[in-house]
Amino acid sequence: MPHLVLALTQHKRLDSLAGLGTAAAKPMNVLLTGASGLLGTALAVALQARGDAVRYLVRREPLSGDRKFRWEPEGNWVDGGAFKGVEAVIHLAGRSVASGRWSAAVKNGIRESRVLGTQTVVAAMRDAEPRPKVFLSASAVGYYGNRGDEWVDESAPPGKGFLGDVCQAWESAAVAAESAGIRVARMRFGHVLSTAGGALGKLLPVFRLGLGGPLADGRTWWSWISRPDVVRAILFLLDRDDMSGAFNMTAPEPVTNREMSRALGKVLRRPAVLPVPRFALQLVLGEMADEVLLSGCRAKPMRLAAAGFAHEDTEISACLRRLIAQKL
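Residues numbered from 1 in each chain as written. Predicted model: local features only at pLDDT ≥ 70, side-chain atom pairs only at ≥ 80, totals over all residues. Heavy atoms only, no water.

> Any chance you could explain the overall build of the protein here in plain terms?
Counting its regular elements, the protein contains 11 helices and 14 strands. Its C-alpha radius of gyration of 19 Å places the protein within 12% of the 20 Å reference for a compact globule of 328 residues. Across its three principal directions, the C-alpha atoms of the protein cover 55 × 40 × 40 Å. The buried share of the protein, reckoned over its 328 residues, is 53%. The centroid of the 42 positive side-chain charges in the protein is displaced by 5 Å from the centroid of its 31 negative side-chain charges. (Helix = DSSP H or I, 4+ residues; strand = E, 2+ residues; numbered from the N terminus. Rg over C-alpha atoms; globule rule 2.2 N^0.38 Å. Buried < 20%, exposed > 50% of the residue type's maximum accessible area, 1.4 Å probe, protein only. Lys, Arg positive; Asp, Glu negative; His and termini not counted. Charge placed at Lys NZ, Arg CZ, Asp CG, Glu CD.)

Structure follows, in structure tokens:
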């Protein structure tokens with residue numbers, strides 16, 4: 001019974017995200033990776049709701065007729081039938097960077113899931129006949145590294161560190177599709193906010209107990225975007241034939257970790273003053289704490305704004321209030 005209740009709750013959340021985009025001017029055949037993730041689940045619902053036909057790459061052996069095709073992203077193997085008649089590929093798959101302490105094996109898995117997985121998809125697209133017209137590939141604002149208070153737009157150079165190196169290799173693998181005449185958009189995601197998971201999903205139980213607060217000095221910048229807005233932004237890139245290159249998939253106004261903590265505590269009507277010491281984070285999580293929790297950048301979505309995309313969630317308190325009230 002608990003599993004049934006959870007499934008129904010998730011279904012209702014996704015129903016509320018189905019109408020994020022207008023009907024597709026011309027419905028497409030879309031292939032999606034990472035469809036079981038926080039973003040992929042919502043995107044799949046939105047694509048289908050507007051009339052696109054969606055098929056999926058999955059790791060397990062699929063059932064016949066369920067529009068799923070098996071692949072091994074780190075093994076350079078994919079069922080070539082998945083790409084037959086596909087006009088667009090949206091590639092979101094990649095191992096979580098925030099699931100725990102990084103060992104050498106974990107770091108290798110993070111890198112291979114992104115770089116080798118993207119190379120596998122690109123090779124399959126190049127072999128397809130006809131080839132897909134557009135490739136939207138995930139990346140992250142980790143590309144910029146830890147930039148302090150500096151504003152960064154898509155023209156900023158890459159940063160240093162493990163995540164910066166991974167994002168550079170990840171994007172290079174995606175760009176290789178351009179030589180096959182495929183339009184490529186590299187989506188540099190910030191923190192995707194949703195009550196269903198991700199950073200906000202992990203913070204909510206702690207803050208509801210009144211135990212939340214800033215990390216270390218709270219000055220780390222959070223480049224964030226609501227899940228409804230990021231789904232809308234992906235559909236925007238999908239439909240615009242003139243959109244290629246890198247795009248910061250973030251809200252216009254990033255916040256510091258302290259501002260995020262204060263806003264979440266206020267929305268939940270709970271105190272949010274207990275800081276988590278830097279040394280404790282480093283002791284428990286090691287390098288992952290330094291690169292994921294204690295580093296950040298102040299990213300600006302310049303190219304989306306210049307193209308006419310309008311965010312609906314632009315202010316952190318109002319966004320959190322809406323997401324929590326509507327369970328988005």
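> So what exactly am I meant to see when it comes to the packing of aromatic side chains here?
Each aromatic ring pair is described using two quantities: the centre-to-centre distance and the angle formed by the ring planes. Scanning the model with the defined rule gives three aromatic pairs in all. Look at Trp102 and Phe162: their rings are 5.1 Å apart centre to centre, the planes differ by 65°, and that puts the pair in the edge-to-face class. Highlighted residues: Trp102 in the loop between strand 5 (88-91) and helix 3 (104-127) and Phe162 in helix 4 (residues 162-175), separated in sequence by 60 residues. We classify Trp102 as buried; its relative accessible area is 9%. One cation-aromatic arrangement involves Lys107 over Phe162; the distance from NZ or CZ to the ring centre is 4.9 Å. Between the NZ or CZ atom of Arg303 and the centre of the ring of Phe247, over which it lies, the distance is 4.3 Å. (Phe/Tyr/Trp six-rings, centres within 6.5 Å; stacked < 30°, edge-to-face > 60°. Lys NZ or Arg CZ within 6 Å of the ring centre and 35° of its normal.)

> Would you mind going over the side chain of Arg183 with me for this structure?
Relative to the helices and strands, Arg183 resides in strand 8 (residues 183-189). Salt bridges are absent for the buried Arg183, whose nearest opposite-charge side chain, Asp241, sits at 4.2 Å. Polar contacts involving the side chain of Arg183 include one to the main-chain carbonyl oxygen of Leu238, which spans 3.1 Å. Setting aside its immediate chain neighbours within four residues, Arg183 contacts Lys133, Val134, Phe135, Leu237, Leu238, Arg240, Asp241, Met243 and Ser244. (Salt bridge = Lys/Arg side-chain N within 4 Å of Asp/Glu carboxyl O. Polar contact = N/O pair within 3.5 Å; in protein donor to acceptor, adjacent residues only side chain to side chain. Contact = heavy atoms within 4.5 Å.)

> In this structure, what is going on with the packing of helix 5 (residues 198-208) against helix 7 (residues 257-268)? I would like to understand it.
Describing two packed helices takes the angle between their axes plus the distance from one axis to the other. Where helix 5 meets helix 7, the closest approach of the two axes is 10 Å, and the angle between their N-to-C directions is 60°. In this view, helix 5 runs oblique relative to helix 7, as classed from their interaxial angle. With respect to the hand of their crossing, helix 5 and helix 7 are arranged in right-handed fashion. Contact with helix 5, carried on its side by Leu200, Leu203, Leu204, Phe207 and Arg208, involves Met260, Ser261, Leu264, Gly265 and Leu268 of helix 7 and no other residues of that element. (Axes fitted to C-alpha atoms, helices over the stretch in contact; angles between N-to-C directions. Parallel < 35°, antiparallel > 145°, perpendicular 65-115°, else oblique. Left-handed = near helix turned anticlockwise from the far one by under 90°.)

> Explain the nonpolar core to me, please; I cannot follow it from the model alone.
One broad rule of soluble globular proteins: the nonpolar side chains tend to lie buried together. Ile90 and Met249 are the most contacted members of the largest nonpolar core, which has 46 residues in total. Of all the elements, helix 6 (residues 227-239) adds the most residues to this core, at eight residues. Leu57, Ala82, Phe135 and Ala180 belong to the second-largest nonpolar core, a separate cluster that totals 21 residues. (Core = buried A, V, L, I, M, F, W, Y, C linked by side-chain atoms within 4.5 Å.)

> Explanation requested: the pairing of strand 6 (residues 134-140) in the structure shown.
Every regular strand shows the same layout, with side chains that alternate between the two sheet faces. Burial analysis of strand 6 places six of its seven residues in the buried class, which makes it a mostly covered element. Across four bridges, the pairing between strand 5 and strand 6 is parallel. Residue His91 lies in a different strand from strand 6, and its bridge partner there is Ser137. In terms of handedness, the path from strand 5 via helix 3 over to strand 6 forms a crossover that is right-handed. (Pairing = 2+ DSSP bridges. Right-handed = clockwise from strand over helix to strand, strands pointing away.)

That's the geometry; what it means functionally is another story.
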